[in-house]
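Chain and residue survey
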Amino acid sequence: ALLRVASLSGVRGAIFNLGSGQETAIGELVQAIARAMSYTGPIGGAPARVADVRRHVAGVQRAEAKIGRVAVTSLDEGLASTIAWYRGTQRTGACS
């Protein structure tokens, strides 16, 4: 979807959210990343600050209005794909 939006004319500077539309608390996101990476160690935390982001939610309505239906990937599936890609680039040195 990102590449389809980026290839459109007349959208330079426009903001498009690409997400599931489901709210995810930052703590839930951290736990999901830990699970996806088989991390079982401690996860630190600190008291919330006034300007801290506590959750995220992103929809695809604006993107769909421009490019049509956008496939939604679950958080766990997306994290698994992202981690696999990242690990692959680290082995090949593609990110350096």
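Report on the accompanying structure. Please read all numbers here as calculations on a predicted model, not as lab measurements. (Residues numbered from 1 in each chain as written. Predicted model: local features only at pLDDT ≥ 70, side-chain atom pairs only at ≥ 80, totals over all residues. Heavy atoms only, no water.)

**What to know about the overall build of the protein**
Counting its secondary structure elements, the protein contains four helices and two strands. Tracing the protein from N to C terminus, the helices and strands come up as α-β-α-β-α-α. Since a compact globule built from 96 residues should have a radius of gyration of about 12 Å, the 17 Å found for the protein marks it as more spread out than a globular shape. C-alpha atoms of the protein, sized along the principal axes, occupy 45 × 40 × 25 Å. The proportion of buried residues among the 96 residues of the protein is 14%. When contacts within the protein are restricted to residue pairs at least 6 apart in sequence, those whose partners lie at least 24 apart make up 80%. Accessible area for the protein stands at about 7600 Å²; split by element, carbon and sulfur atoms hold 55% of it. (Helix = DSSP H or I, 4+ residues; strand = E, 2+ residues; numbered from the N terminus. Rg over C-alpha atoms; globule rule 2.2 N^0.38 Å. Buried < 20%, exposed > 50% of the residue type's maximum accessible area, 1.4 Å probe, protein only. Contact = heavy atoms within 4.5 Å. Areas by Shrake-Rupley, 256 points an atom, 1.4 Å probe, with all protein chains shown as cover.)

**Considerations on the nonpolar core**
Core analysis: the biggest nonpolar cluster contains seven residues, these being Val5, Val11, Phe16, Val60, Ala63, Ile67 and Val70. Sequence-distant contacts of valine 11, that is, excluding residues within four places in its chain, are made with Val5, Phe16 and Lys66. (Core = buried A, V, L, I, M, F, W, Y, C linked by side-chain atoms within 4.5 Å.)

**Comments concerning helix H4 (residues 75–92)**
Here H4 is 18 residues long and its end C-alpha atoms lie 26 Å apart, about the 26 Å a rise of 1.5 Å per residue gives. Among the residues of H4, those classed as buried are Leu79, Ile83 and Thr89. The buried residues of H4 occupy an angular sector of 130 degrees when the element is viewed end-on, so they sit on one face. In H4, the exposed positions angled more than 90 degrees off the buried face are occupied by Trp85, Arg91 and Thr92. In this structure, the buried residues of H4 make contact with helix H2 (26–36). (Expected span 1.5 Å × (residues − 1). Arc of directions from axis to C-beta.)

Geometric descriptors of this kind do not, in isolation, establish any biological role.
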